[in-house]
Amino acid sequence: MALSVGIGVTQDSKDSYQAGVVAAQKALADARIPRAEFAIVIASSIYNQTELLKGINDTLEGTPLVGCTAAGVIVSDRAWENAVAVMVLAGEKIHFSPAIKIEHIGKDMRASGKAFAEQIKTLVRPDAKIAFIFSDALSGNGTQLIRGVLEVMGSHFTLAGGAAADDMKFQKTYQYWNNEVLTDAAVGFGIGGEVIFASAGDHGWVPASAPRKVTKAQGTTLIELDGKPAFSIYEDYLENRAGDIKQALSLMAVTYPLGMKVEGVDQYMIRVPLSVKEDGSMVCGAEIIEGSKIFVMIGSRESALAAADKTIKTITKTLPNRKQVVFISNCVARKILFGPTKEEELSLLKQSTGEGIKIFGFYSYGQVAPLNKPTDDVNTCDPGFYEQSISLTAFGE
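Residues numbered from 1 in each chain as written. Predicted model: local features only at pLDDT ≥ 70, side-chain atom pairs only at ≥ 80, totals over all residues. Heavy atoms only, no water.

### Here we look at the packing of helix α8 (residues 301-318) against helix α10 (residues 343-353)
For clarity, the threshold we go by: The angle between two axes is taken between their N-to-C directions and runs from 0 to 180 degrees, where each axis is a line fitted to C-alpha atoms and a helix contributes only its stretch in contact. Strands are runs of DSSP state E lasting at least two residues, helices are runs of H or I lasting at least four, and both sets are numbered from the N terminus onward. Orientation categories follow fixed angle ranges, with anything under 35 degrees roughly parallel, anything over 145 roughly antiparallel, 65 to 115 roughly perpendicular, and all other angles oblique. Here a crossing is taken to be left-handed if its near helix is turned anticlockwise relative to the far helix by less than a right angle, and right-handed if that turn runs clockwise. Contacts are assigned to residue pairs that have any heavy atoms within 4.5 Å of one another. Under the grouping applied here, Gly and all other residues not named as nonpolar or charged are polar, the nonpolar ones being Ala, Val, Leu, Ile, Met, Phe, Trp, Tyr, Cys and Pro and the charged ones Asp, Glu, Lys and Arg.
Between α8 and α10, the shortest axis-to-axis distance is 10 Å and the interhelical angle comes to 25°. The angle between α8 and α10 falls in the class roughly parallel. Crossing of α8 over α10 shows right-handed handedness. Contacts between α8 and α10 involve A304, L305, A308, D309, I312 and T316 from the former and E344, E345, L348, L349, S352 and T353 from the latter. Residue composition of the contact of α8 with α10, grouped by class: 6 nonpolar, 3 polar and 3 charged.

### Comments concerning α10
So the rule is basically this: In this scheme, a residue with accessible area under 20% of its type's maximum is buried, one over 50% is exposed, and one in between is partly exposed, where area comes from a 1.4 Å probe on protein chains only. Our arc is simply the arc of the directions from the helix axis toward the C-beta atoms.
Three or more residues of α10 are buried, namely E345, L346, L349 and T353. Seen from one end, α10 has its buried residues packed into an arc of 105°, which puts them on one side. At the exit of α10 stands G354, carrying a positive phi of roughly 95°.

### A closer look at a nonpolar patch on the surface
Stated precisely, the cut-off is as follows: In this scheme, patches are assembled from residues that exceed 30% relative accessible area and form no salt bridge. Like charges are connected within 9 Å, while nonpolar side chains (Val, Leu, Ile, Met, Phe, Trp, Tyr) are connected within 5 Å. Methods summary: accessible areas were calculated by the Shrake-Rupley approach with a probe of 1.4 Å, and residue burial reflects only the protein chains presented. One speaks of a salt bridge when a side-chain nitrogen belonging to Lys or Arg is within 4 Å of a carboxyl oxygen belonging to Asp or Glu.
Residues L138, M168, F170 and I336 make up a contiguous nonpolar surface patch of about 330 Å² in total accessible area. On the secondary structure map, L138 appears in the loop between β9 (128-136) and α4 (142-153).

### Brief notes about the pattern of salt bridges
Tallied over the full model, the rule gives 13 salt bridges. Residue E345 pairs with R334 through a salt bridge whose shortest N-O separation is 2.9 Å. Placement of the pair is E345 in helix α10 and R334 in helix α9 (residues 332-338), with a sequence separation of 11 residues. Each member of the pair, E345 together with R334, is buried. Bridged by salt links that share partners, the residues K101, E103 and E180 form one connected network.

### With respect to the pairing of strand β14 (residues 196-202)
Note on strand geometry: in a regular strand, side chains alternate between the two faces of the sheet. Cut-off, in case you're wondering: Paired strands, as defined in this entry, are two strands with at least two bridges between them according to DSSP.
The buried count for β14 comes to 6 of 7 residues, which makes it a mostly enclosed element. Note that β14 and strand β28 (residues 390-396) share 7 bridges and pair antiparallel. Paired with S199 across the two strands is T393, which belongs to β28.

In structure tokens form, the structure reads like this:
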């Protein structure tokens with residue numbers, strides 16, 4: 001048989017256990033299989049997470065599963081709010097690893113990534129072709145987590161997935177591993193066998209300001225640009241509007257994020273400033289590299305849609321047929337940018353992939369997919385962890 005795929009989704013939030021049961025039952029019915037080999041769960045943070053996962057596990061009868069909370073569930077060409085979605089998988093020529101988990105990743109993100117990769121190598125025999133990872137975005141530098149994975153697996157290994165969200169509360173995200181609800185964790189799985197796949201990402205933001213050199217940074221904190229407090233880049237560009245962005249930074253950054261350009265990397269990497277400190281330094285959602293160039297970026301619905309179209313064409317060109325699943329990790333900032341027209345890019349994806357292709361994913365706090373061509377050095381700042389981007393990964397037998 002070919003790869004069997006089924007998706008079930010529900011917005012019933014009155015009874016978390018029953019919501020899990022319903023979503024899992026719908027997924028099995030959609031796949032037309034009595035039992036799945038593996039499952040991915042994406043859900044809103046509004047549910048009682050323990051009861052929700054129990055309902056799913058009871059229905060799937062112990063099927064290995066991973067997943068996380070989100071800022072919106074994506075199924076086909078629709079974005080679902082306050083929902084839970086389950087995707088079940090069963091293959092003949094491809095095989096799925098047991099569910100992987102690494103806890104307490106915030107203590108050392110890079111070491112956690114290495115530990116995750118070691119589990120991939122151990123659990124996927126004879127070798128893994130692709131892996132998915134779902135991590136806690138609030139634990140720290142997601143770039144380092146992905147670097148750790150690729151340091152072990154090799155810089156050309158395809159890693160997909162996204163960082164968990166919590167319906168834009170930015171307080172606490174959850175990760176799912178079999179029957180356990182975790183936080184500060186990375187979970188995932190590997191796929192081996194005769195799997196075919198393609199993965200790509202893009203964002204659509206373009207430079208709007210002159211470049212500034214990062215003269216001081218530490219982890220995800222941008223401290224100085226050209227020897228001046230980092231926030232001065234917004235003060236110079238926005239002038240009298242800079243005070244507005246300081247008061248509502250995360251919302252304004254949807255339109256005016258920062259773009260980081262690293263030598264040897266073609267694409268601009270988007271960095272979202274989350275807060276401004278008294279000294280003018282800014283805490284961002286992903287790593288800042290000293291010596292790189294920083295720009296104020298600007299985007300529009302049109303440019304973001306064009307980026308989605310480019311990403312869709314990349315995976316469809318690379319994998320013109322036999323793909324059966326398209327997994328999407330879409331930044332919550334893009335959801336805000338598109339507003340009531342957010343399903344426009346999802347409709348474009350469905351139209352371009354054709355009938356019978358299962359589309360499944362979520363609005364995330366970080367996207368995992370190759371934005372640039374892989375290099376041999378995982379220490380260049382492009383290991384595959386992004387912000388304000390759309391990432392797509394297609395696979396099948």
